[in-house]
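Next come the chains, spelled out residue by residue.
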Amino acid sequence: MSYLLHSSERDVYIDPASDLFLRHQLQIVEELWESVLREECGQKMVDLLKQLRDLCSPEGQAIDGQASKVSKLIEQLGINEAIRAARAFALYFQLINIIEQDYEQRQQLTRYESEPETAIAETLPNIISPSTNRNDNSPVNSGVGSDLLAKSWSAKPNKRQTGTFASLFPQLFQLNVPPGHIQRLINQLDVRLVFTAHPTEIVRPTIRNKQRRVVQLLQQLDLVEKRYAGRAAGVYPWEVSELRDKLLEEIRLWWRTDELRQFKPSVLDEVEYALHYFQEVLFESIPGLYQRLQYALRGTFPWLKPPRKNFCTFGSWVGSDRDGNPSVTPEITWQTACYQREMVLSKYIDSVRNLIELLSVSLHWSDVLPDLLESLELEQSQLSEVYEELALKYRQEPYRLKLAYVLKRLENTRTRNVAVRQRETLKDDQTPVYNSGAEFLAELRLIQRNLAETGLSCQELDNLICQAEIFGFNLTKLDVRQESTRHSDTINEVCEYLGCLEKPYNELSETERVNWLVEELRTRRPLIPGELPFSEKTNDIIQTMRLVRSLQQEFGENICQTYIISMCREVSDVLEVLLLAKEAGLYDPGTAIGSIQVVPLFETVEDLQRSRTVMRELFELPLYRALLAGGYVAFKKLQTENKQDHTPISYGLTPNLQEVMLGYSDSNKDSGFLSSNWEIHKAQKSLQSIAEEYGIDLRIFHGRGGSVGRGGGPAYEAILAQPGHSINGRIKITEQGEVLASKYSLQDLALYNLETITTAVVQASLLRTGFDDIEPWNQIMEELAARSRSHYRSLIYEQPDFIDFFHEVTPIEEISQLQISSRPARRPSGKKGLSSLRAIPWVFSWTQTRFLLPAWYGIGTALKAFLDEEPEENMELLRYFYIKWPFFKMVISKAEMTLAKVDIQMARHYVEELSKPENKARFDKVFEQILREFHLTRDLVLQITGHETLLDGDPVLQRSVQLRNGTIVPLGFIQVSLLKRLRQSRNSSYTSGVIDSRYSKGELLRGALLTINGIAAGMRNTG
């Protein structure tokens, strides 16, 4: 395919050998892709794709004035041809994605190997690192990949990244950070990543498996080619041809696999999708994170102690998040917990079997400690069948015999878990099982201790211990989430049934609610009867709380300790959940000891601003402070001693810790990107200040999505941009949708992502810049955010034609028909307005049309108003902010990345072609308003950054964006054509040219959904 998407020849710059490798990989898949298309679709299709690509600019943007020509060409296509073209472009995107991921993984490995030599050169994040231009005059292969690679790197150096332990600790040493501060931070280091099932992962797991297979074949091909690198050019052994044939075969099978799910996934399907990353990647790679940190720490601060092995843990909302998803029932959550335990037990069983093979130490040549021999004697009586079978075989091999007992207990535990999952009545027998992961871990440590005492070690055993510390028997911690009004409605119905209030609970004032709730929380008297004579919704809330209690009894308290309240606005929202928890036995009012933490989620701008008042009022309540402290006794002791224990606890709630979740999605949808980020930034500072005032530790839970409009973007820079005091070694972050695939599909790439997040947490906690506390800067940001919000809302909520514009020129209705999530696109009470529409399909729709409006609209107007006051002086100040202030740089950098993905001509095409004739005049006005803001924002961002073109400061990201743009454009034209045909079949008032409507609605919808699928793959950050 060296000529397929190549629109013009031009002088090119050759990057160093490491980048030539990427070009080589791209050339391979492009040639294979072309071969598949030729065999499956014929040369005519190949020529068509070339013709479509040639109608785009060299940078991959739609060309002004060419839209009608492209439209005419596409509208002449039959539905089958259009679908094939869409599928071909979508397949290309997927191949590009996996090539980039594999390349990134290789780059991280290379960088990590060379990092110690250059670590001291690393500087603080607000200082621009020096770099050196390189030249290479090797020839370049043509083709879309190599062509855009050459352009993006022309005369631009690669910016060396940061974010590894090997660079962090020498930097701390060079900056004279006190070792005592480092040790305290390491002791309380707590990184939690929570996987969610939000509907942004559009790629089927079947396709993900094929992607992994292609990567494996490409890696094998690379090894073979390296082995024969000394041979004459083009001369390879038969292994190369065989591997290329396998790749061709795999891509052909991929081509013939349906990209669209045939049914809406169930919640348990989503559980399986999420666990896929643990099964295939994370379980095996996670010990490497601890090893890297330990090794790097030892290299610079050998006298400091490494953190706990489980300083990085995982949570999940998949199967437990109830907010707006009626499919998540108590039984589903129970099944999810059992499913997770089954997977991790199976992993442990495989590992123990491997250890039995490895630890063949004989008593003839090595001693063991008495405690191991005592353990073997005890096991002999409890697992007599194992002793009878293996005692003779392993009579001189104590470790193998001990591990055989461990294996049998694990197998018994897994068998019991099957019965628990099927809700069978458990037999009251004495079958030896592990009652918890802690028991299993104790057995492994016994073996490890015996090996160490005799001068031996076993890395596989160390890895298993690390995995057991992190995953236990639960794999992930399940967070329950529910919307606040569901709890108030539940209490309202219960009180009406009991007749315990003079007027309905929902009619009480906030003060009246809090007073009544506090009184109820002081008594052990039950409020809710054992039988539930209530409505289905009320019963669901009560049964969910009872389920949490059952989960903790069966799986241990660690399985589910967090209950998140979405749309939390008042103190009563928190106390209502605590009252329901008391009724389920999760909180004892007599002692104020609880086994669940209530986490308020503040989402809208108004709620973020109100969060400081809500938390202060909560901290003023003695019963709530006692709950956080671990009970009334602990709280009294805390007050007396005036100190707190900062050490996290693996099982049970961490004393004196309050978790607060901040939502990026709804605040952005409510007030725009700049205002949302500033309000979240301010909320973190004020919440941390209030927590410190009351002597409480704070953990911020960041509800980030995949797209910039929902808090997405590079995690390393985002963490460094947080107020330093708000982190203090603790962070919790959601990982959603396509982000899981981009970060956790390959082991080394997953490990690097975990390392960069941890590094950023340590760096942000210890190396605080202080710029967040400069009040004049904060005042400027306050004014910018207010102006941005006003301009954003004037379009989204005050422009009378905007709602119609959004529904007509974007594929929002078609997106809602994609079978990609068990959760509806709108909230239950939702009408067609924006208030009921969830943030994810909102962002998804703007991404498809190349507007990407939620991630930048309003920024330009805000900046211009500030610059109009003092043009030269204020521009210099903004440039200084960009260099020195991590928060401001993060905002501008994310906006710049999004603007680089915007294609305003493509967006114009959606408006012109999908608007009904009677709406064209008013929709054109809306578009012109958006267009003016786009040009203003782009121009001012370029002035602030000093870049000639967008993303000049990040050539790797620039390459990645440009690599896709040229193929997304024709796919967008195909989408518009199919949407026109589909909508015409429903409504004859679409008359933008005469369109052949010989095809059924089902065929047209399928074609439109395929284009949505393809564009989502190309854009990567979709929702």
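Because the structure is a prediction, the values reported are computed rather than measured.

Colleague: Residue-level account of a negative patch on the surface, with values.
Modeller: Side chains of Asp-64, Glu-912, Asp-924 and Glu-928 sit close together on the surface and give a patch of like negative charge. Of the residues examined, Asp-924 reaches a relative accessible area of 39% and is grouped as partly exposed.

Colleague: I'd like a rundown of the pairing of strand 10 (residues 730-736), residues and numbers included.
Modeller: Among the seven residues of strand 10, seven are classified as buried, and the element is accordingly described as predominantly covered. Here strand 10 shows two buried faces, one formed by Arg-730, Lys-732, Thr-734 and Gln-736 and the other by Ile-731, Ile-733 and Glu-735. Judged from the seven bridges that link them, strand 1 (residues 190-196) and strand 10 form a sheet pairing that is parallel. Its bridge partner being in strand 10, Asp-190 is matched across the sheet by Arg-730. The sheet contact formed by strand 9 (residues 697-703) and strand 10 spans two bridges and is parallel. Looking across to strand 10, one finds that His-702 is bridged to Ile-733.

Colleague: Just give me the short version of the pattern of salt bridges, but keep the residues and values in it.
Modeller: Following the criterion strictly, the structure yields 54 salt bridges and no others. Asp-371 is the salt-bridge partner of Arg-449, the closest N and O atoms lying 3.1 Å from each other. Taken together, the residues Arg-449 in helix 15 (residues 437-453) and Asp-371 in helix 12 (residues 370-382) connect sequence positions 78 residues apart. Classification of Arg-449 by relative accessible area gives partly exposed; the value is 40%. Judged by relative accessible area, Asp-371 falls into the partly exposed class, the value being 26%. Here Lys-582 ties to Glu-583 by a salt bridge, and the two come within 3.3 Å at their closest N and O atoms. With relative accessibility at 19%, the residue Glu-583 sits in the buried group. Connected through salt bridges with shared partners, the residues Asp-190, Arg-192, Asp-479, Glu-659, Arg-699 and Lys-732 form a single ionic network.

Colleague: Provide a residue-level description of helix 25 (residues 673-693), including the pertinent values.
Modeller: Residue pairs three or four apart in sequence face the same way in an α-helix, which turns once every 3.6 residues. In a regular helix each residue adds 1.5 Å, so 21 residues correspond to 30 Å; helix 25 covers 30 Å between its end C-alpha atoms and thus fits that length. After helix 25 finishes, the residue Gly-695 shows a positive phi value of roughly 70°.

Colleague: Account for the packing of aromatic side chains, naming residues and giving values.
Modeller: Under the definition given, this model contains 44 aromatic pairs. Ring centres of Tyr-348 and Phe-440 lie 4.9 Å apart, and the angle between their planes is 35°; on these two criteria the pair is classed as tilted. Of the two residues, Tyr-348 sits in helix 11 (residues 330-358) while Phe-440 sits in helix 15, which places them 92 residues apart along the sequence. In terms of burial, Tyr-348 and Phe-440 fall into one category: buried.

Colleague: Lay out the nonpolar core with the relevant residues and their values.
Modeller: Within soluble globular proteins, side chains that are nonpolar tend to cluster in buried spots. Ranked by size, the top nonpolar core spans 142 residues in total, and within it Phe-802, Phe-805 and Trp-842 carry the most contacts. The greatest single-element share of this core, amounting to 15 residues, is contributed by helix 4 (residues 79-118). Core analysis: the second largest hydrophobic core is formed by 95 residues, Val-177, Leu-345, Leu-355 and Ile-733 among them.

Colleague: Any details on the packing of helix 22 (residues 622-629) against helix 23 (residues 632-641)? Residues and values, ideally.
Modeller: Two elements in contact, helix 22 and helix 23, have axes separated by 7 Å at closest approach and are oriented at 90°. Classified by the angle between their axes, helix 22 and helix 23 sit roughly perpendicular to one another. Across the interface between the two elements, Pro-622, Leu-623, Arg-625, Ala-626 and Ala-629 of helix 22 pack against Tyr-632, Ala-634, Phe-635 and Leu-638 of helix 23. Along the lines of polarity and charge, the residues of the contact of helix 22 with helix 23 split into eight nonpolar, no polar and one charged.

Colleague: Kindly report on the packing of helix 20 (residues 571-583) against helix 21 (residues 605-620), identifying the contributing residues and their values.
Modeller: For the pair helix 20 and helix 21, interaxial distance at closest approach is 9 Å and the crossing angle is 50°. Judged by the angle between their axes, helix 20 and helix 21 are oblique. Residues Val-571, Val-574 and Leu-575 of helix 20 form the contact with helix 21, whose participating residues are Val-614, Glu-617 and Leu-618. Its residues assigned to classes, the contact of helix 20 with helix 21 shows five nonpolar, no polar and one charged.

Colleague: Go over the sheet that holds strand 3 (residues 477-483) with me, naming the residues and quoting the values.
Modeller: Ordered by their spatial adjacency, eight strands build a closed barrel running 1-2-3-4-7-8-9-10, and the pairing between neighbours is parallel. For this sheet, the mean angle separating the axes of adjacent strands, direction not counted, is 25°. Two strands pair when backbone bridges link them, and strand 8 (residues 657-663) and strand 9 are joined in this way by seven bridges, in the parallel orientation. Bridging from a neighbouring strand, Leu-662 pairs with His-702 of strand 9.

Colleague: Summarise the pairing of strand 7 (residues 597-602); cite the residues concerned and give the values.
Modeller: In terms of residue burial, strand 7 counts as a mostly covered element, since six of its six residues are buried. Where strand 4 (residues 562-566) lies against strand 7, four bridges are found, and the strand directions are parallel. Considered in strand 7, the bridge of Thr-562 is made with Gln-597. Note: strand 7 against strand 8, two bridges, orientation parallel. Opposite Phe-602, over in strand 8, you have Leu-662 as the bridge partner.

The rules behind the values
Residues numbered from 1 in each chain as written. Predicted model: local features only at pLDDT ≥ 70, side-chain atom pairs only at ≥ 80, totals over all residues. Heavy atoms only, no water. Patch = residues over 30% accessible without salt bridge, like charges linked within 9 Å, V, L, I, M, F, W, Y side chains within 5 Å. Areas by Shrake-Rupley, 256 points an atom, 1.4 Å probe, with all protein chains shown as cover. Salt bridge = Lys/Arg side-chain N within 4 Å of Asp/Glu carboxyl O. Lys, Arg positive; Asp, Glu negative; His and termini not counted. Charge placed at Lys NZ, Arg CZ, Asp CG, Glu CD. Buried < 20%, exposed > 50% of the residue type's maximum accessible area, 1.4 Å probe, protein only. Helix = DSSP H or I, 4+ residues; strand = E, 2+ residues; numbered from the N terminus. Pairing = 2+ DSSP bridges. Expected span 1.5 Å × (residues − 1). Phe/Tyr/Trp six-rings, centres within 6.5 Å; stacked < 30°, edge-to-face > 60°. Core = buried A, V, L, I, M, F, W, Y, C linked by side-chain atoms within 4.5 Å. Axes fitted to C-alpha atoms, helices over the stretch in contact; angles between N-to-C directions. Parallel < 35°, antiparallel > 145°, perpendicular 65-115°, else oblique. Contact = heavy atoms within 4.5 Å. Nonpolar A, V, L, I, M, F, W, Y, C, P; charged D, E, K, R; others polar.

So far we have only geometry, and geometry alone does not tell us how the molecule works.
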